Amino acid sequence: MAHESTQSRLDSHENVPWHALESEQVQTRLETGPDGLSGKEAAARLARFGANQIEDEASAGALVVLLRQFRSPLIYILLAAAGITALLEEYIDAGVIAFVLVLNAAIGFTQERKAEGAVRALMQLVVPKARVVRDGREFTVDSRQLVVGDAVLLESGARIPADLRLAWTNGLHINESLLTGESLPPAKHHEPVDSGASLADRHNMAYTGTVVTSGRGLGLVTATGSRTELGTIAGLIRSEAVTQTPLQERMGQFARVIGVAVGVASVVAFVSGLALGGSPQEMFLTAVALAVAAIPEGLPAVFTITLALGVRRMARRHAIIRRLPAVETLGSTTVIGSDKTGTLTENRMTVQQIWAGGRMFEFADGGGDDLLCDGEPATPADHPALRLTVLTGVLTNEAQAQASDRGVQITGDPTEGSLLMSAVAIGIRPDQAREDNPAVADIPFEPEHGYSATLRSRDEVQTLYVKGAPERVTAMCTHMLVEGKPEPIDVNAVHQAAHQLAEDGLRVLAFAYRETPTPIAAPNELSEPRALVFLGLQGMMDPPRAGVREAVSTCRKAGIRVVMITGDHRTTALAIARSLGLCDADATALTGAEMAAMSAEQLIERAASTSVYARASPEQKLRIVKALQQVGNVVAVTGDGVNDAPALKAADIGVAMGRSGTDVAREASDMVLTDDNFVSIAAAVEEGRVTFDNVRKVTFFLVSTGAAAIAAILVGVWARWPLIMLPAQLLWLNLVTSGLQDVALAFEPGDKDVLKKPPRPRTEGILSRMLWGRTALAGLVMAAGTLMLFRWELDRTGSLPQAQTVALTTMVVFMAFHAGNCRSESASVLRISPISNPFLLIATTAALGLHAAALYLAPTQFVLRVEPIDAAAWIRIVSVATTILVAIELHKFLLRRRTSHLAGTSQAQGGLRRSQ
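Residues numbered from 1 in each chain as written. Predicted model: local features only at pLDDT ≥ 70, side-chain atom pairs only at ≥ 80, totals over all residues. Heavy atoms only, no water.

Engineer: Looking at this structure, how should I read the overall build of the protein chain?
Structural biologist: A tally of regular secondary structure across the protein chain gives 33 helices and 27 strands. Buried residues in the protein chain amount to 55% of all 916 residues. Pairs at least 24 residues apart make up 73% of the contacts formed inside the protein chain by residues separated by at least 6 positions. Accessible surface computed for the protein chain: about 38500 Å², of which carbon and sulfur atoms make up 57%. (Helix = DSSP H or I, 4+ residues; strand = E, 2+ residues; numbered from the N terminus. Buried < 20%, exposed > 50% of the residue type's maximum accessible area, 1.4 Å probe, protein only. Contact = heavy atoms within 4.5 Å. Areas by Shrake-Rupley, 256 points an atom, 1.4 Å probe, with all protein chains shown as cover.)

Spelled out as structure tokens, the structure:
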């Protein structure tokens, strides 16, 4: 029966709030203790619960991944085009299309295989070895052999091998940033905490993959493998399918539209031609020609090129794209959910303010070397309490400061490092100060004490220096230093100053000292300090990065909302958010504990107005992303830790940190920032919008010219004319002449006001409603001009090859002029410098030159079945082709006039509301 009860307790151990139990209760439930398990019991539990490892998900085979690349509707169209051209024995053209198919499949295959690495990267955080106590003796075992109930020894530098409930600690600090996002390694203890405490507040737990920064301890294993917090995150990553980018969604919609249009137009041409008396063979050839004209064979290749150019431009601005379609997603983004530490902030603790001698001092520019008091420059030598406060911060400190080519480099705890830097800023050299005041004895920091102390000797005088929490240190003090003289301590003034610093989001430490008349020779003679003289407070924080406030403002002007999602404390998060303009002064933060009590509908409602999320767990970050997406937002998420990986994968675009980020975060992301700076995200948004605009320009160019060919062929069928262009000629038109200019349009530098426009609605296709209207207009103008000159030439010469050559050449020249129209949706082509995109100028010239050469060279005359045309025909062609410039310029003028009118009406209504 005893064995059965033990088994029952262990089977239900996964749902136990271990952090809320007393150490004795934990040992009882796990049937273990400080002496660990017996070897026999450990083996039995290993057989029952399995190895301590995160299982890798079975990945799809290479062939399956390769075949997935051919599921796009545009690919189906390309396959049809390749088949048609092969049947027509146009093997060169069929080869070009096949090359495009292979290129797209290769890119997609490579990207998908890379995307499978997130869970594998997570597994690298599970350490190979662990120190355990079994049968009362110490062993080093393979960490995969750890079981629930094992007693694990911890020391500085060790990575935690499983989830542990701490049984005892000695100055233990663990860096949990990869799970919590909190930059400071919290102090650990073994006392129970509230059952509702967030993961970041469970100071009696140690989690897999985190690292001991200092101290020692012993923990009892409460979870292994997939049941650990790290394993839970792996499960979340696996459960999140790779989302389609807005561009991929638009591409799919566009391909379906093109597919339907091609099918309908071909059937209409075939059926109506038969009805009008055409032969089945002739009508089949006409339908094939129309399909070839309508299919934009070069479009996927040009998309790839356009996106690749966007990738290159982003790389120059510190943003590396890992999945090609994601290059445009930032341009469509409506919400950016940014991590705080290292992205919005500098990821280095810096002393911002010092309260000493009853006065508040601050460093200019939030941590610079210039010290101010009441806004005026201050000289540290004139303020003894200030210098002693900073000196105490140096002496009660284990961090090291070393000079290097990049300035002073700090090794050790970030908070203690900030105290050294504040000393350097006022002219105190930490190494010299420690040498001048050699240590006699030390009291290391313990969470239950709330302070640390050091006894120093100088000139045969011993002085005790104390650093700790303000309420703890003030309780030890009887006096405070004011104007260089001890006065009875004003506890209320100290607490008020500490509260003021904390309200600003600063972490506050207090400092005190006392000269000891009787020398103390050994550490064990030190009792809890009493009768100290209070010196001052130092408030430090991880300061905002330079330029981030401006970048946030730029995003807002671009119609993008920026929210902070962090594992840090509410007060710290709000202080940073307010300083960056992310929220108003009276804004509140939504915490993880509050989110846990909300339904999905309640969270969606709160997400519409919340700008700061604090103490958010990995699951809660994921919920926030989904809540924002649920109402149609395109969400970008930044992160660097393992805790960010599920949200990074679920977001429309995940942005990982390149310097400080974990491999797990990078593998789960679509984009990596090489400088870990939010400013680079704003730059990437601009490049993303430019990239989509260029995709849209290319699409408009190809679709409008395809529409012209369709219209011309259909009208020719209905008028019972001969076929105005042969399939081979249409392929020449699509793949060679327009194929140069559409690629060149991908190099457009973009409009200057691209960040002043709101994000595109997710429901808007690659071509907007306005551009579809312009496509119809351009198609009709080009079709009318081509038909007119075809009929003119056929009537004048009676030669069908000559008339087809004129029709083909007319379309080529139309395209040359129309490429200029496509450079901007609203700006006149006459106002855009031709040399701002030299590639387009060269491509247009080359396209015209290639076509002219094809008309006069025997090999191309034979393949394309064209004939030379005389100078008069060229003049007619150029004259007619200029009509496309006139038509589109008029359309742009009317658009600008309408936009200006709407803007004026909106401003007038705004002014009226303000006056009311």
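Engineer: What is the right way to read the nonpolar core from this model?
Structural biologist: In globular proteins that are soluble, nonpolar side chains generally tend to be buried together. Phe-534, Leu-537, Met-671 and Phe-678 are the most contacted members of the largest nonpolar core, which totals 142 residues. Among the elements that line this core, the one with the most residues is helix H26 (residues 678-718), at 21 residues. Judged by nonpolar contacts, the second largest core, of 51 residues, contains Val-148, Met-205, Leu-220 and Val-335. (Core = buried A, V, L, I, M, F, W, Y, C linked by side-chain atoms within 4.5 Å.)

Engineer: Would you mind showing me how to read helix H30 (residues 838-856) here?
Structural biologist: Because each turn of an α-helix spans 3.6 residues, side chains separated by three or four positions in sequence point in the same direction. Under the 1.5 Å per step criterion, the end-to-end length of H30 is 27 Å for 19 residues, consistent within 8% with the ideal 27 Å. Where H30 is concerned, the buried positions are Leu-840, Ala-843, Thr-844, Ala-847, His-851, Ala-854 and Leu-855. Down the axis of H30, the smallest arc covering the buried residues is 105 degrees, so these residues share one side. Those residues of H30 that are exposed and aimed more than 90 degrees away from the buried face are Ile-842 and Thr-845. (Expected span 1.5 Å × (residues − 1). Arc of directions from axis to C-beta.)

Engineer: Just checking my understanding: could you explain the sheet that holds strand S5 (residues 205-206) for this structure?
Structural biologist: Think of a sheet as strands paired side by side through backbone hydrogen bonds, with each pair either parallel or antiparallel. In space, the 6 strands of this open sheet follow the order S2-S1-S3-S6-S4-S5, with antiparallel pairing throughout. At either margin of the open sheet sits one strand with a lone partner, and together these are strand S2 (137-142) and S5. Summarising the sheet, strand S3 (residues 151-154) and strand S6 (residues 211-223) pair through 4 bridges and their orientation is antiparallel. From the neighbouring strand, Ala-151 faces S6, where its bridge partner is Leu-220. (Pairing = 2+ DSSP bridges.)

Engineer: How should I be thinking about the side chain of Gln-802 in this particular structure?
Structural biologist: Along the chain, Gln-802 falls in helix H29 (residues 800-821). Of the residues examined, Gln-802 reaches a relative accessible area of 12% and is grouped as buried.

Engineer: Quick question: what am I supposed to make of helix H23 (residues 618-630) here?
Structural biologist: Taking 1.5 Å per residue, 13 residues should reach 18 Å; H23 reaches 18 Å between its end C-alpha atoms and fits that length. Turning to H23, its buried residues number three or more, namely Pro-618, Gln-620, Lys-621, Leu-622, Ile-624, Val-625, Ala-627 and Leu-628. Immediately beyond the C-terminal end of H23, within one or two residues, lies Gly-632, with a positive phi of roughly 95 degrees.

Engineer: Where do I start with the packing of aromatic side chains in this structure?
Structural biologist: For any two aromatic rings, the description comes down to two numbers: the centre-to-centre distance and the angle of the planes. Within this structure, the stated rule accounts for 4 aromatic pairs. Ring plane angle 50 degrees and centroid distance 6.5 Å describe the contact between Trp-355 and Phe-534, whose orientation is recorded as tilted. One end of the pair, Trp-355, is in strand S9 (residues 350-356); the other, Phe-534, is in strand S21 (residues 532-541), with 179 residues separating them in the sequence. A residue is classified by how much of its surface remains accessible, and Trp-355, at 9% relative accessible area, is buried. Judged by its relative accessible area of 0%, Phe-534 falls in the buried class. Of note, Arg-791 hangs over the ring of Trp-721, and the distance from its end group to the ring centre comes to 5.1 Å. (Phe/Tyr/Trp six-rings, centres within 6.5 Å; stacked < 30°, edge-to-face > 60°. Lys NZ or Arg CZ within 6 Å of the ring centre and 35° of its normal.)

Engineer: What am I meant to see in the packing of helix H12 (residues 299-316) against H26 here?
Structural biologist: A pair of packed helices can be characterised by two numbers: the angle between their axes and the separation between those axes. As a packed pair, H12 and H26 sit with axes 9 Å apart at the nearest point and diverge in direction by 160 degrees. Considering their axes alone, H12 and H26 lie roughly antiparallel with respect to each other. In the packing of H12 onto H26, the handedness of the crossing is right-handed. Each of Leu-299, Val-302, Phe-303, Thr-306, Leu-307, Gly-310, Arg-313 and Met-314 in H12 lies in contact with H26, whose residues at this interface are Ala-684, Glu-687, Gly-688, Val-690, Thr-691, Asn-694, Val-695, Val-698, Thr-699 and Leu-702. Within the contact of H12 with H26, the residues separate by chemical class into 10 nonpolar, 6 polar and 2 charged. (Axes fitted to C-alpha atoms, helices over the stretch in contact; angles between N-to-C directions. Parallel < 35°, antiparallel > 145°, perpendicular 65-115°, else oblique. Left-handed = near helix turned anticlockwise from the far one by under 90°. Nonpolar A, V, L, I, M, F, W, Y, C, P; charged D, E, K, R; others polar.)

Engineer: When you look at the sheet that holds strand S25 (residues 635-639) in this model, what are you seeing that I'm missing?
Structural biologist: One open sheet holds the 8 strands; their spatial order is S7-S27-S26-S25-S8-S22-S24-S23, and the pairing between them is mixed. The strands lining the two open edges of the sheet, one partner per strand, are strand S7 (319-321) and strand S23 (590-591). In the sheet, strand S26 (residues 653-657) pairs with strand S27 (residues 671-673) via 3 bridges, with the strands oriented parallel. Directly across from Ala-656, in S27, lies its bridge partner Val-672. Sheet strands touched by H23: strand S8 (335-338), strand S22 (561-565), strand S24 (612-614) and S25. Its angle to S25, the strand with the most contacts, is close to 160 degrees. Packed onto the sheet, H26 meets S7, S8, S22, S25, S26 and S27 and runs at close to 160 degrees relative to S8.

Engineer: Just checking my understanding: could you explain the side chain of Thr-169 for this structure?
Structural biologist: Note on placement: Thr-169 falls in strand S4 (residues 163-175). Setting aside anything within four residues of it in sequence, one finds Thr-169 in contact with Lys-188, His-189, Arg-216, Gly-217 and Glu-446.

Engineer: Would you mind going over unusual backbone geometry with me for this structure?
Structural biologist: With the exception of glycine, the majority of residues adopt a negative phi angle, and the majority of peptide bonds are in the trans configuration. Although it is not a glycine, Ala-531 sits at a positive phi angle of roughly 50 degrees. Among the structural elements, Ala-531 can be located in the loop between strand S20 (507-516) and S21. Given a relative accessible area of 42%, Ala-531 falls into the partly exposed group. The phi torsion at Arg-865 lies on the positive side, around 55 degrees, for a residue other than glycine. Structurally, Arg-865 can be placed in the loop between helix H31 (858-864) and helix H32 (871-881).

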